[in-house]
Amino acid sequence: MISDIEQDKINMVVTKDLSRLGRDYIGTGEYIEKWFPEKNIRYVSVNDGIDTFYDNNGNNDIAPFKSILNDMYSKDLSKKIRSALHTMQSQGKWVGGRTPLGYIQDPEDKNHLIIDEDEAKIVRTIFNMAVAGNSVGTIRKFLEDNNIPTSDQIRYNRATFWNNCTIKKLLRREVYTGVTIQNKRSRISYKNRKLRDNPKEQWFIVENTHTPIIDKKTFDAVQKMEIVQKYNRNEKKNYTLLDGIMFCYECGHTIGIKLDNRRKTMNTICNNYRRNSKLHLCTCHGFRYDEIEEKVLEYLRKLFLDIDSKKIEINVKNNRTAYDYKKMIEKNEKEIELINNKMDTMYMDKLDNKISEEMYQRVLGKYKEEIKAKEQENIEMKQYQHELEEDNTENITKVVKEFLGLKKPTPELMRVIINKIRLHQDKQIDIIFNFKELNKI
Ligand SMILES: [Zn+2]
């Protein structure tokens, strides 16, 4: 556009609003106040009602302020989206997505939980059995024998089975006493699905946000019982290097580690096979765990030594497009451009009296909304893209150095590096890294 103006090919510039001309004030002001008048360019901003052709158009005086606001708006918006979520959570509004078994979203207010009596009965059964001293295994067997459906079966008609872990987790959920606790864990970033634990100061704990299913006395009693206390994510996590990040390639379920008491060895096993062995849903996937771990560590060592010698930065930068954000943003920008063209044409039609003012305003409103939604999406995506690009070079370098510096890596470091390990029934191992760049190597 600039070169067209320089060559006197254009004498008018039309944009939807000021933000189309430039995102920062200095650039926008430069155009409107100096460059356009110098070049004799008529500038029209449809939404802001600015038309430099009309000298006495009062709106022109506001132009500099509007572009300052545009500038602040884009910087601030992504922060606001996050803080809006936290505001909701601090008010005890349910924003956690899938509701716990026993509760559904209130049709009048989707951020409020109400009891679903059929599901709540299952929850009460589980708590009552636990408080009466039954083991998790006994509770599970009771649920199975009585064909009591899991929440996946009730809600999605998915064939899943009760397992000990689900029951233990359910018994620990304070939500059943009418408390809403949120922000316990949060995602590291939009594309990185890994969750990190937040310190307790960051939790939002609000009491009496919904009707309890379990009274506080029963709940507290159960918390003191052995079956609940045995379940501790962190303890289990530290058990072995790969426990919790291994998955079955054939069926997608987790791969567990089973102790063979006779031979004093640890073996892998597909948990789907273990729990439902009679149903033949999967095969055993039973291998010596030590061998699997050694294979993985050896692979990482080789890969990291190679990366270290080649200078990590080069590797990472070449693979930057591993993220789809760029494409998504470009697609959105093209669509915005198309809508803008339509708006410009429509403005011309209005100037030529081809369409009525009323029609113009109506369609304009629709276009504005479409553009706003797409722009908002792009602001978010740009931030994620930025975060990822900035993070990774530095992080991979750090991780590689840390790994190579240790005789044996810690389980925590393994979880930073590896997203999951897929174990095939023929003993093939796939490693999926948390750093997309490494997945491409
Ligand atoms: Zn399996």
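Residues numbered from 1 in each chain as written. Predicted model: local features only at pLDDT ≥ 70, side-chain atom pairs only at ≥ 80, totals over all residues.

### Topic: the overall build of the protein chain
Quick reminder of the rule: Numbering of helices and strands runs from the N terminus, with a helix taken as a DSSP run of H or I at least four residues long and a strand as a DSSP run of E at least two residues long. Exposure is read from a count of other C-beta atoms within 10 Å of each residue's own; the residue is exposed at 12 or fewer, buried at 20 or more and partly exposed in between. C-beta atoms are placed from the backbone. By definition, residue pairs are in contact when their C-beta atoms, positioned from the backbone, come within 7 Å.
When helices and strands are counted, the protein chain shows 18 helices and 14 strands. Burial analysis of the protein chain (441 residues in total) assigns 21% to the buried set. Of the contacts made within the protein chain by residues no fewer than 6 positions apart, 59% connect residues no fewer than 24 positions apart.

### Some words on helix α5 (residues 117-131)
Under the convention used in this document: What a helix is expected to span follows from its residue count: subtract one and scale by 1.5 Å. Here the arc refers to the directions that run from the helix axis out to each C-beta atom.
The first and last C-alpha atoms of α5 sit 21 Å apart over 15 residues, in line with the 21 Å expected at 1.5 Å per residue. When we look at burial in α5, the residues that qualify are E119, I122, V123, I126, F127 and A130. Seen end-on, α5 carries its buried residues on one side only, within an arc spanning 130 degrees. Among the exposed residues of α5, those oriented more than 90 degrees off its buried face are E117 and D118. Of the residues trailing α5, G133 is marked for its positive phi of about 95 degrees.

### Regarding the packing of α5 against helix α8 (residues 164-171)
Just so we agree on the cut-off: Axis angles are defined between N-to-C directions and span 0 to 180 degrees, where every axis is a line fitted to C-alpha atoms and, for a helix, only to the segment in contact. Here the word oblique covers every angle except those under 35 degrees (roughly parallel), over 145 (roughly antiparallel) and from 65 to 115 (roughly perpendicular).
Axis separation between α5 and α8 bottoms out at 10 Å; the angle between their running directions is 90 degrees. When the axis of α5 is compared with that of α8, the two are roughly perpendicular. Of α8, the residues touching α5 (which contributes V123, I126, F127 and A130) are I167, L170 and L171.

### Some details on the confidence of the model for the protein chain
Definition in use: A score from 0 to 100, pLDDT tells how confident the predictor is in each residue.
Residues with a pLDDT of 70 or more make up 81% of the protein chain, whose mean pLDDT is 81. Low pLDDT, under 50, characterises residues 231-238; the predicted model gives this stretch 7 contacts beyond four residues in sequence or across chains. Low pLDDT (under 50) marks residues 314-322, which in the prediction has 14 contacts with non-local residues, meaning those over four places away or in another chain.

### Notes on the sheet that holds strand β1 (residues 12-15)
Counted only if it meets this: DSSP calls a pair of strands paired once it identifies at least 2 bridges connecting them.
With mixed pairing, 3 strands are arranged side by side in an open sheet as β1-β2-β3. For this open sheet the edge positions go to β1 and β3 (50-51), each flanked by a neighbour on one side alone. Here β1 runs beside strand β2 (residues 42-45); their pairing, made up of 4 bridges, is parallel. Directly across from M12, in β2, lies its bridge partner R42.

### Some thoughts on the pairing of strand β12 (residues 265-270)
Sheet topology note: the strand β11 (residues 255-260)/β12 ladder contains 6 bridges and is antiparallel. The residue of β12 that forms the bridge with L259 is M266.

### Thoughts on the nonpolar core
Our working definition: For this analysis, nonpolar core means a set of buried Ala, Val, Leu, Ile, Met, Phe, Trp, Tyr and Cys residues linked through C-beta atoms within 7 Å.
Ranked by size, the top nonpolar core spans 26 residues in total, and within it L242, M246, I255, C270, V400, F403 and I421 carry the most contacts. If you tally residues by element for this core, the top one is helix α13 (residues 289-310), at 5 residues. Grouped together as the second largest cluster of nonpolar side chains are 18 residues, L101, I126, V136 and W162 included.

### A few points about the environment of P409
Examined against the element boundaries, P409 turns out to sit in the loop between α16 (357-405) and α17 (411-417). The buried category is assigned to P409, around which 20 C-beta atoms lie within 10 Å. Sequence separation of P409 and L297 is 112 residues, and the distance between their C-alpha atoms is 8.7 Å.

### Considering unusual backbone geometry
Unlike most non-glycine residues, N183 shows phi in positive territory, near 65 degrees. Of the residues examined, N183 has 16 C-beta atoms within 10 Å and is grouped as partly exposed. Phi is positive for N208, close to 55 degrees, though the residue is something other than glycine. One can find N208 in the loop between β9 (204-206) and α9 (216-223).

### Quick word on helix α6 (residues 136-145)
Listing the buried residues of α6 in full gives V136, I139 and L143. Buried residues along α6 cover an arc of 65 degrees about the axis, so they all sit on one side. Of the exposed residues in α6, the ones pointing more than 90 degrees away from its buried face are G137, E144 and D145. At the exit of α6 stands N147, carrying a positive phi of roughly 50 degrees.

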